[in-house]
Structures are given as structure tokens and as C-alpha cells.
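One-letter residues, chain by chain:
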Amino acid sequence: ISLTEEICDGETYTVGTSNYTTTGVYTDNLVSVNGCDSIVTLNLTVNPVYAISLTEEICDGDTYTVGTSNYTTTGVYTENLVSINGCDSIVTLNLTVNPVYAINLTEEICDGETYTVGTSNYTTTGVYTDNLQSINGCDSIVTLNLTVNPVYAISLTEEICDGETYTVGTSNYTATGVYTDNLQSVNGCDSIVTLNLTVNPVYAISLTEEICDGETYT
């Protein structure tokens, strides 16, 4: 009798009183029911049992599948599957679920400046959304509420009298000329003031006059 058989690692195949656990060709001389020789040749294949370790990362909201099992949370999981030859295939999954970030930014810049999120540059007031990747490869959704504050350019034409002072910010001016001061507005942006100042003279006039009694001098 010729036998071709397969078992899984850890199992035993028995012929008469002989037990076999490894791949090979074995011959057993048995006695049939009528007392004659019954020679059994066994061609035995021992198929492996697989122990597979997986260390995996997914993003929050994603699913990792082993066989028919779906995993969505961080943990260590064991699945007993069947290999192509019918033996156990034990899969141990060490799963990390990385977070997806939702970041809200409320920012202010001055006109002429730029606010950057990732590779996006913003220069006007508005609400913008950028989908970036975090260090672990998951979404990092940034919502930017941006206000662009104005830069003021103010021109002043003023006159004062000689001996008086005209003040712009912390600057005091006493002579005719054109002056520029860079101040900050209430929101921290430039407020450029150009002053065209004229200093008018104060006159000192001495008069020596004569009138007659009864007349008036005005």
C-alpha cells in the first residue's frame, strides 16, 4: 500500500504502531487480517504552521484588515487563519492608530504681508482650509481665519506760528518743512504720516507817532 499524506507541523501521522511527525518516506511491515504481510509505504509531507507578527500604523478613521477581521483602534490582536495547505497561520497584529488633527487658527497680518500655511500663501482677509500631513502621515486639517489690517498713509498740511510746536507721535516740529513719521495703528500696522508744515512769523513792529489832543490813533 502506498500512501501520500500531508499533516500540519505539530500533528502526528500513525501507521500501525509507528508515529511520524516529520516529512519523509517511511515503510512499515504490517500483518493483514489473514496473517500475511501488508507493506505500507508512506510519503509524508509536514506543512508548516505560520506565526506572523505585524506592526502597522493607520490613521484615525482608517481600517486595518486581517482575514475577515477589521481593526480601527490601537491594540494587539491575534488572528488564527488557515494557510493555503490547510494549516494554522497565526497572525499577531500590533496596531497603532495615529490621530487626525483639526487645527483652527485666527490670525491678523498687515496689508502687504503674507501668512503661510504649509505651501499656501495668503494675503487677503478670508477663511481658508489646508489639508496637510502630520509627522506620522495622517491628515492635519488647518482652518485659517485671516484678517488683513490696513496700512494707513496720512498727509497733513499744517501751519503754526513761530515759537509754537507741532507734534506727530513722539516727534516735535518747530520749523517749516516736510516730515515723515512711521507710527503704529491700533492694530499694530504702519500708519505713515507725512507732515507739510509751515511756520509763520510772529511780527514785532515799533511805531513812534504823534497826534494832537482830541485825535485818536488806531
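Heads up: these notes are all about the structure in this document. (Residues numbered from 1 in each chain as written. Predicted model: local features only at pLDDT ≥ 70, side-chain atom pairs only at ≥ 80, totals over all residues. Heavy atoms only, no water.)

Within the protein one finds zero helices and 20 strands. Compactness check: the protein gives a C-alpha radius of gyration of 48 Å against a globular reference of 17 Å for 218 residues, more than 25% above the reference. Based on the C-alpha atoms only, the size of the protein along its principal axes is roughly 180 × 20 × 20 Å. Sequence separation of 24 or more characterises 49% of the internal contacts of the protein that already satisfy a separation of 6 or more. Total accessible area on the protein is roughly 14700 Å²; 48% of this is exposed by carbon and sulfur atoms. (Helix = DSSP H or I, 4+ residues; strand = E, 2+ residues; numbered from the N terminus. Rg over C-alpha atoms; globule rule 2.2 N^0.38 Å. Contact = heavy atoms within 4.5 Å. Areas by Shrake-Rupley, 256 points an atom, 1.4 Å probe, with all protein chains shown as cover.)

Across the sheet, which stays open at both edges, the three strands sit in the order β6-β10-β9 with mixed pairing between neighbours. The sheet is open, and its two borders are formed by β6 (50-59) and β9 (75-82), each paired with just one other strand. Ignoring strand direction, the axes of neighbouring strands in this sheet form an average angle of 25 degrees. Where β9 lies against strand β10 (residues 88-98), eight bridges are found, and the strand directions are antiparallel. Looking across to β10, one finds that Val82 is bridged to Asp88. (Pairing = 2+ DSSP bridges. Axes fitted to C-alpha atoms, helices over the stretch in contact; angles between N-to-C directions.)

If you walk through the whole model with that rule in mind, you get three disulfides. Between the sulfur atoms of Cys59 and its disulfide mate Cys138 the distance is 2.1 Å. Residues Cys59 and Cys138 are joined through a disulfide that is left-handed, its torsion about the S-S bond being -95 degrees. A residue pair is termed long-range when its members are at least 10 positions apart, and Cys59 in strand β6 and Cys138 in the loop between β14 (126-133) and β15 (139-149) qualify at 79 residues. The two residues Cys59 and Cys138 agree in class, both being buried. Assigning the bonded cysteines of the protein consecutive numbers by sequence position, one obtains the connectivity 1-3, 2-5, 4-6. (Disulfide = S-S within 2.5 Å. Buried < 20%, exposed > 50% of the residue type's maximum accessible area, 1.4 Å probe, protein only.)

This paragraph deals with the environment of Tyr50. With respect to the element layout, Tyr50 can be found in strand β6. Looking at Tyr50, the relative accessible area reads 39%, which means it is partly exposed. Those residues in contact with Tyr50, other than ones at most four positions away along the chain, are Ser83, Asp88, Ser89 and Ile90.

Once that is clear, we can look at the sheet that holds strand β5 (residues 37-47). The three strands lie next to each other as β1-β5-β4, forming an open sheet whose pairing is mixed. Because the sheet does not close on itself, it has two edges, and the strands there are β1 (2-8) and β4 (24-31). On average, each strand axis in the sheet is tilted by 30 degrees relative to the strand beside it, whichever way the strands run. Bridging between β4 and β5 involves eight bridges; their strand directions are antiparallel. By the bridge assignment, Leu30 is partnered in β5 with Ser38.

With that settled, the discussion passes to the side chain of Ser69. With respect to the element layout, Ser69 can be found in strand β8 (residues 69-71). One polar contact links Ser69 to Glu79, side chain to side chain, over a distance of 2.8 Å. Apart from residues no more than four positions distant in its own chain, Ser69 is found in contact with Tyr64 and Glu79. (Polar contact = N/O pair within 3.5 Å; in protein donor to acceptor, adjacent residues only side chain to side chain.)

Glancing now at the packing of aromatic side chains. Evaluation of the coordinates by the stated rule reveals four aromatic pairs. Seen in terms of ring centroids, Tyr20 and Tyr26 are 4.1 Å apart; in terms of plane orientation they differ by 20 degrees. Their pairing is stacked. In this structure, Tyr20 and Tyr26 share a single accessibility class: buried. Pairing Tyr173 with Tyr179 gives two aromatic rings, centres 4.1 Å apart and planes at 20 degrees, and the pair type is stacked. Residue class for Tyr173 comes out buried when judged on its relative accessible area of 13%. (Phe/Tyr/Trp six-rings, centres within 6.5 Å; stacked < 30°, edge-to-face > 60°.)

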